[in-house]
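Letter by letter, the chains look like this.
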Amino acid sequence: MNAPARPSHAYETPRYLLRVAFGSSVLLDTREADGVFRTQGEAAYVQYIEQNENKSFAPGALYPLARLLLHINKLSGMRVFDLVLVSMNHGAAAIKVEKSLMQLGFYENGQFAFHHKTYNRGHEDDLLEDLSRLRADVYFSSHAELVTQALNRGIPAAHFAPSGISEQELLTTQKILKTKSLNTLFELSQKAFQMFVDFDGVLADRQSENFFQSALRRYGANDGRAVTSYNAHEKVLENTPVPYGPLAPFILGLSHFVDIRLLTARSGNALHRAIKTLRGWGLSNLSVISLPSYQSIDLAKAEMMTSTRATKQTARTPLLFVDDSSTHIHAARAANISATGHVRVPQGLSTWACHTNSFERVQTFIQTLRSKGLAFSRANLATTFPEPA
């Protein structure tokens, strides 16, 4: 069964590049408070919140991303990114959350820098209906069940476990926020930040991945015929673009501001199809890192990301890693990559694709940015094959 299609809307001139929705627990580090609620109960949680109401939550996993998007808006003089905060918090935490957001720089000129709405527990349907009505291009949340429900409704979403950020990540973000021009921001963000995304199930839909998994079940994980069958399948379809996946519009839009690298197990004809798909989508500015060993891929992605953290010039921070495999997600989190998002494809859904209108709207807005000289772009798509150990 496929995911329900997002409602089709008449074409309109886009007013923003991306509408990105955040849950408050991905912007704020709420682990300690959540632990009190989980281990000691509601009464102890309320007491903890009241006693610490004037103490701000520390920055959460996606704090660097959200501040970067808002800073791009500020330097460009236009709302490139439309941010939405949808909080599913206990009522007792409302003041603490608001004060924390203000303290962390999300409050400008007497108002919040994004749309903000709080929902009481038990009103998850209201939150999801609002996200659908707002046509959010992506929703990032620490509530795993909400992410699954969002994907079921055709809303692109990824789950991020509650987390903080390292001192280096905070310092890098602060340095970015001191830039005074987009050119300086682009130059610095390319050196300081990297984003890593999976192809099948994230950037593209899961049709090819489903074929490969079917071949593994038919032949067995250690039988080379599974890979041979998969590559033959992809060779036949080499010139047929893979359908858009849930995060395709988000990655397309952000790729013009941030260094994004595709981490994929595809190789040979399967990789050729992915590269041709990216070119057709206008994503030829992505670097493609092929990790074709299916036996070691689970650890290879985390190792690849951590190996790029430092260069001679500056520390490089994984700003975001998004994958649809729980194994890859756990390995990345174990490697202390905080902003690690899981696209949890709901059970019973064989594939998931974003609405074509969303992708076309982003492409149209990018042309507007280019006409104003506001979009960064590398000239050629680069493919990297790591040296074998």
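Please read all numbers here as calculations on a predicted model, not as lab measurements.

*Asks:* Looking at this structure, how should I read the overall build of the protein?
*Replies:* Looking only at helices and strands, the protein has 16 helices and 15 strands in total. Across the 389 residues in the protein, those meeting the buried criterion constitute 54%. Sequence-distant contacts in the protein: of pairs separated by 6 or more residues, those separated by 24 or more amount to 80%. Accessible area for the protein stands at about 17000 Å²; split by element, carbon and sulfur atoms hold 49% of it.

*Asks:* Teacher, can you tell me more about the nonpolar core here?
*Replies:* A general tendency of soluble globular proteins is for nonpolar side chains to be buried together. Membership of the largest hydrophobic core comes to 98 residues, with the highest contact counts inside it found for Phe-22, Phe-140 and Phe-250. For this core, the element with the highest residue contribution is helix H4 (residues 63-76), accounting for seven residues. Phe-196, Leu-291, Met-304 and Ile-329 belong to the second largest nonpolar core, which has ten residues in total.

*Asks:* What should I look at first to understand the environment of Leu-104 in this one?
*Replies:* Checked against the element boundaries, Leu-104 lands in the loop between helix H5 (94-103) and strand E5 (107-108). Judged by its relative accessible area of 12%, Leu-104 falls in the buried class. Spatially, the C-alpha atom of Leu-104 lies 9.4 Å from that of Leu-27, the residues being 77 residues apart in sequence. Apart from residues lying up to four places away in sequence, Leu-104 is in contact with Leu-27, Leu-28, Phe-57, Ala-58, Pro-59, Tyr-63 and Arg-67.

*Asks:* Can you walk me through the pairing of strand E10 (residues 193-197) in this structure?
*Replies:* Along any regular strand, the residues point their side chains to alternate faces of the sheet. The buried fraction of E10 is high, at five of five residues. Judged by which residues are buried, E10 turns out to be covered on both faces: Phe-193, Met-195 and Val-197 on one side and Gln-194 and Phe-196 on the other are all buried. Bridge count between E10 and strand E11 (residues 260-264): three bridges; the pairing is parallel. Bridge pairing links Met-195 to Ile-260 in E11.

*Asks:* When you look at the pairing of strand E4 (residues 81-88) in this model, what are you seeing that I'm missing?
*Replies:* Most of E4 is tucked away: eight of the eight residues are buried. Where burial is concerned, the two faces of E4 agree: the one with Phe-81, Leu-83, Leu-85 and Ser-87 and the one with Asp-82, Val-84, Val-86 and Met-88 are both buried. By the bridge criterion, five bridges tie E4 to strand E7 (residues 115-119) in an arrangement that is parallel. Bridging across to E7, Ser-87 finds its partner in Thr-118.

*Asks:* Please clarify how the environment of His-159 should be interpreted in this entry.
*Replies:* With respect to the helices, strands and loops of the structure, His-159 is situated in strand E9 (residues 157-160). On the accessibility criterion, His-159 (10% relative accessible area) is buried. Along the backbone, His-159 and Ala-144 are 15 residues apart, and their C-alpha atoms lie at a distance of 5.6 Å. Only 3.2 Å separates the side chain of His-159 from the backbone oxygen of Ser-142, close enough to count as a polar contact.

*Asks:* Could you clarify how one ought to interpret the pattern of salt bridges in this entry?
*Replies:* Any two side chains of opposite charge can pair if their charged atoms end up close together. Using the criterion set out here, one finds 14 salt bridges in the structure. For Asp-29, the salt bridge identified is with Arg-31, shortest N-O distance 2.8 Å. Residue Asp-29 is classed as buried on the basis of its relative accessible area of 17%. Glu-234 serves as the salt-bridge partner of Arg-273, at 3.1 Å between the closest nitrogen and oxygen. One end of the pair, Arg-273, is in helix H13 (residues 268-281); the other, Glu-234, is in helix H11 (residues 225-236), with 39 residues separating them in the sequence. As far as burial versus exposure is concerned, Arg-273 and Glu-234 are alike and both buried. Connected through shared salt-bridge partners, Asp-200, Glu-234, Arg-266 and Arg-273 make up one network.

Rules of the game
- Here the residue index of a chain counts from 1 through its sequence in written order.
- For this predicted model, a pLDDT threshold of at least 70 governs which residues receive local features, and a threshold of 80 or more governs which side-chain atom pairs are given and counted, while totals over whole chains, interfaces and linings are taken from all residues.
- For side-chain calculations, the full set of non-hydrogen atoms in the structure is used, while hydrogens and water are omitted.
- Counting from the N terminus, the helices are DSSP H or I runs at least four residues long and the strands are E runs at least two residues long.
- With a 1.4 Å probe rolled over the protein chains alone, any residue whose accessible area is under 20% of its type maximum counts as buried; one over 50% counts as exposed, and the rest are partly exposed.
- Note on contacts: a residue pair qualifies if any of its non-hydrogen atoms lie within 4.5 Å across the two residues.
- Reported accessibility uses the Shrake-Rupley method at a 1.4 Å probe radius. Residues are deemed covered only where the shown protein chains occlude them.
- Nonpolar core, defined: a set of buried Ala, Val, Leu, Ile, Met, Phe, Trp, Tyr and Cys residues in which side-chain atoms within 4.5 Å join the residues together.
- In this description, strands pair whenever DSSP reports at least two bridges between them.
- Under the rule applied, a polar contact is a pair of N or O atoms within 3.5 Å (in protein, one hydrogen donor and one hydrogen acceptor; residues adjacent in sequence only if both atoms are side-chain atoms).
- Salt bridge, as used here: a side-chain nitrogen of Lys or Arg that lies within 4 Å of a carboxyl oxygen of Asp or Glu.

Fair warning: the whole summary comes from geometry, so function is off the table for now.
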